[in-house]
Amino acid sequence: MRREPGLGPSRRAPRRAALALSLFSFLLAGTSWAQVLQAPGEANESTFRREVRGQWFAWLAAHEEGDPVMASQKVDEIVRHARKIGLKRLTDLSLAATLMARKEMAEGNREKARWALDSAIRLDPDLPEARWSRVALALEADKLTVPRELLGAVRTVFVDLEGRRVLFVRAALLVVLTLAAVGAAFVILLVAVEVRRLFHDLTELTGRWVSHPADSVLAAGILALPLFFALDVGWLLLWLFVLSFGYAEKYVRWAALAGLVPLVLVAPALDRAAAKLAVSASPVLRGAEALQEKRYDQRVLDDLEGVKNLFPEDADLRFLLGCLYQQLGQNDRAVAEYTVAAQVSTVEVRALINRGDIRFVDGDFGAAQEDFQEALRRDPRDVRARYNLSLVYGETFRTVEAQEKLTEARALDNGLVTQFLDSPTLVKVVSLGYTPEEALAKVGALQRDSRSRRVLGHFHVGSDIRTWTVPFAVAIPLVAAAAFGLDSFRRKRRGYALSCDKCGRTFCRLCKPPGESALLCSQCIHVYLKKDGVSIETKLQKVEEVRRRQGIEGRLRGALNVILPGGEFLFQGRAGTAMAILAPFFLGLFAAVFRQDLALSPRPGAGSLLVGTVFWALLALAAWVVGQLTARKG
């Protein structure tokens, strides 16, 4: 493309030159959103390798020799160069230093571990793995600094994108699993308490077909029917819930029904968490996040190079790689990626703008002008290309053209141009980035290509609709409907078996003559109400039977309360109290045992702390103790 003339100094009148200088100063003070670029001669890969990788190997040697002063100097030089090119986080090097510190801690070299962790935090102040390692070191050596280190570690979890994503996934899964466990506990309590009456009715029913004791065996077989169809315990619980639903008190029934709702959410929650974590491993998303956090991670670059080789015709991947190389100050490689991106796509504008920015800073205003003009030919409404072109004209003292392009940019989007002018940076031109939202959309597009199956994080083939069609989740609404239907049918027919208020014996309409009290069994009516010639031996035997049955029932409820603390309150009509005890119990139990396995960080060095396990275990223990003490008082 032929360069336009007029790029040299203007030979017009002095007042025209003064006007140009004033416009130049105005534009210099008002630019934004540009990546920091190095000066000519410094923006190449060899410079980065010398100033970062070379100094890193020197740090490794100093650390092995036990020279903290030299190691600190090398870290200072690395950080100084990183700040010069605009990098805020050197995650790759910080992770390596963190792993070295963990090795030193395992060998008992706490002082060398402290040096390594100090270097790790200076290389990446927002790396959670380094901060949590500092907490572990403080717990072993200097316990007075534990609160400060703990606050710093918690802060980085919320600042770091990867740490925040893992935290939110873990928290969401813990909440869903806790609510599901509480709901399952309500269902289990209902079934466990009412199964005796259910078994009595089933025995009466099967007694029509077979004689005793075969009727009891057949009734037990009906209770365990799902197991004969190779179904699991979950299906058995739903089956027993349907059969025993009508026996419970009204408040227990509604509490158990409400407990079924979070059980529906378990499968979709696990699927969505797995999909989110899988996509988070995508090199495309990780590259966009590294760009947003101004972070250096060599693994991301290597993985993206592999993806680029799979999709050489994809302009977005080329552009993202160019942005990352530009962020690292490797402008030669960035220009190469931008050039290919602009060639493989006739509508690619971003690569032309960023390539023009690099050439602008290198002082090649003619090439920069060509890039911006080509970008405007492809997209005449691009504000950044028009704005940057005005800067080129201003640098070459073409003030009329500069003012025209600035006016045209304001006409397209005055707010955006005002934002550029109000937020000055070290360079004048405005570059474009690649956001994580764009990366997620790109991952979704690449998943439709069969070649994407070879890329980590691009293998999710499910859908939101299919997630909700898991058989167990579909069965729960049907179970609720079946429970109500069976309850309505039985109330219109023979009703339900009852328990004697005195001895706890189960009985139904067929077990006693009509007209007797519905609260007591026939034996208790004759012994305690009618007292019609019952011998003293029979009365003593009945008293012993009452004591024995009450003891069995008390031990059953006590055992249920030991396993499910606070469950006793459910039968007292205090479902809210039962949930208030069960929820922290299950939350602490799940967090202590499963929190690290629910969502694994793709970065190495993210080990669990014993103090965290102890904290969650103490929460579960406290809830269990409260459940036992309050149940005894009740």
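Along every chain, residues carry numbers that run from 1 in the direction the sequence is written. With the structure being a predicted model, the display of local features is reserved for residues of pLDDT at least 70 and the display and counting of side-chain atom pairs for 80 or more, all residues being used for whole-chain, interface and lining totals. The side-chain figures draw on all heavy atoms in the structure; neither hydrogens nor water molecules are used.

1. Brief notes about the overall build of the chain
The condition that has to hold: Starting at the N terminus, helices and strands are each numbered in turn, a helix being any DSSP run of H or I of at least four residues and a strand any DSSP run of E of at least two. Think of it in three bands: residues with accessible area under 20% of the maximum for their type are buried, residues over 50% are exposed, and the middle band is partly exposed, with areas taken using a 1.4 Å probe on protein chains only. The contact criterion used throughout is that any non-hydrogen atoms of two residues lie within 4.5 Å. Using the Shrake-Rupley algorithm and a 1.4 Å probe, accessible areas are obtained, with residue cover drawn only from the displayed protein chains.
From N to C terminus, the chain includes 28 helices and two strands. Within the chain, the proportion of its 634 residues that are buried is 49%. Pairs at least 24 residues apart make up 68% of the contacts formed inside the chain by residues separated by at least 6 positions. Accessible area of the chain: about 30700 Å², with a carbon and sulfur share of 62%.

2. Some words on the packing of helix α13 (residues 283–292) against helix α15 (residues 315–327)
Our working rule: Fitted lines through C-alpha atoms give the axes, limited to the stretch in contact for helices. The angle between two N-to-C directions lies from 0 to 180 degrees. Whether a crossing is left-handed or right-handed is set by the direction in which the near helix is turned from the far one by less than a right angle, anticlockwise for left-handed and clockwise for right-handed. Charged means Asp, Glu, Lys or Arg here, nonpolar means Ala, Val, Leu, Ile, Met, Phe, Trp, Tyr, Cys or Pro, and polar covers whatever is left, Gly included.
Close contact between α13 and α15 brings their axes to 10 Å; oriented N to C, the two are set at 35°. Remark: the crossing between α13 and α15 carries left-handed chirality. Only Leu317, Leu320, Cys323, Leu324 and Gln327 of α15 make contact with α13, whose side of the interface consists of Val284, Gly287, Ala288, Ala290 and Leu291. The class makeup of the residues in the contact of α13 with α15 is eight nonpolar, two polar and no charged.

3. Considerations on a nonpolar patch on the surface
Where we set the bar: Patch definition: residues above 30% relative accessible area lacking any salt bridge, with like charges linked at up to 9 Å and the nonpolar side chains Val, Leu, Ile, Met, Phe, Trp and Tyr linked at up to 5 Å. The term salt bridge refers to a pairing of a side-chain nitrogen on Lys or Arg with a carboxyl oxygen on Asp or Glu at a separation within 4 Å.
Residues Leu610, Val614, Leu618, Leu621, Val625 and Leu629 make up a contiguous nonpolar surface patch of about 550 Å² in total accessible area. When you line up the elements, Val625 lands in helix α28 (residues 610–633). Judged by relative accessible area, Val625 falls into the partly exposed class, the value being 34%.

4. Describing the confidence of the model for the chain
For residues with low pLDDT, the predicted coordinates do not support detailed interpretation. What counts is decided by this rule: Residue-level confidence of the predictor is what pLDDT reports, using numbers from 0 through 100.
Mean pLDDT over the chain stands at 84; residues scoring 70 or higher make up 86%. Contacts for the low-pLDDT stretch residues 1–41, under 50 throughout, to residues beyond four places or in other chains number 103 contacts.

5. Re helix α8 (residues 161–206)
As a reminder of what qualifies: We define the bend at any residue as the angle between the axes fitted to the seven residues before and including it, ending there, and the seven starting there. The definition of a polar contact used here is a pair of N or O atoms within 3.5 Å, where within protein one atom must be able to donate a hydrogen and the other to accept one, and adjacent residues in sequence count solely through side-chain atom pairs.
When the local axis directions of α8 are compared, the greatest deviation, roughly 50°, occurs at Val195. Its side-chain oxygen placed 3.3 Å from the backbone nitrogen of Glu162, Asp160 serves as the N-cap of α8.

6. Structural notes on the packing of aromatic side chains
Applied cut-off: Any two of the Phe, Tyr and Trp rings considered here, Trp counted by its six-membered ring, make a pair once their centres fall within 6.5 Å; the pair's planes then place it as stacked at under 30 degrees, edge-to-face at over 60, or tilted in between.
Per the stated rule, a full pass over the model turns up 14 aromatic pairs. Ring centres 5.3 Å apart and planes at 65° place the aromatic pair Phe585 and Phe586 in the edge-to-face group. Each of the two residues, Phe585 as well as Phe586, counts as buried. Connected via pairs of aromatic rings, a cluster forms that spans Phe241, Phe245, Trp254 and Phe484.

7. Some thoughts on the environment of Arg595
Residue placement: Arg595 occurs in helix α27 (residues 575–598). Along the primary structure Arg595 and Leu173 are separated by 422 residues, whereas in three dimensions their C-alpha atoms are 9.1 Å apart.

8. Thoughts on helix α19 (residues 383–395)
As a reminder, the rule being used: Multiplying 1.5 Å by the helix residue count minus one yields the expected span of that helix.
The end-to-end C-alpha separation of α19 is 19 Å, in line with the 18 Å expected for 13 residues at 1.5 Å each. Judged by how many residues are buried, α19 sits mostly within the fold: 13 of 13 residues are covered. At the N-terminal boundary of α19, the capping side chain belongs to Asp382, with an oxygen 3.1 Å from the backbone nitrogen of Arg384. Phe397 lies just past α19 and shows a positive phi near 60°.

9. What to know about the pattern of salt bridges
Taken as a whole and judged by the stated rule, the model has 41 salt bridges. Residue Lys442 is joined to Asp316 by a salt bridge in which the shortest nitrogen-to-oxygen separation is 3.3 Å. Residue Lys442 is found in helix α22 (residues 436–446), and its partner Asp316 is found in helix α15; the two are separated by 126 residues along the sequence. Owing to a relative accessible area of 21%, Asp316 belongs among the partly exposed residues under this scheme. Beyond isolated ion pairs, a larger network of salt bridges with shared partners links Arg89, Asp124, Asp160, Glu293, Arg295, Asp297 and Arg299.

10. Observations regarding the side chain of Asp126
Positionally, Asp126 belongs in the loop between α5 (110–123) and α6 (128–140). Classification of Asp126 by relative accessible area gives buried; the value is 18%. Those residues in contact with Asp126, other than ones at most four positions away along the chain, are Arg89, Arg155, Thr156, Val159 and Asp160.

11. Remarks on the packing of helix α14 (residues 298–310) against α15
Convention followed: Just so you know how the angles are binned, under 35 degrees is roughly parallel, over 145 roughly antiparallel, 65 to 115 roughly perpendicular, and the rest oblique.
The geometry of α14 relative to α15 is characterised by a closest axis approach of 10 Å and an angle of 155° between their N-to-C directions. By the angle between their directions, the pair α14 and α15 is classed as roughly antiparallel. Considering the relative orientation of α14 and α15, their crossing is left-handed. For the pair formed by α14 and α15, the contact residues are Val300, Leu301, Leu304, Glu305, Val307 and Lys308 on the first element and Leu317, Arg318, Leu320, Leu321, Leu324 and Tyr325 on the second. Class assignment of the residues belonging to the contact of α14 with α15 gives a composition of nine nonpolar, no polar and three charged.

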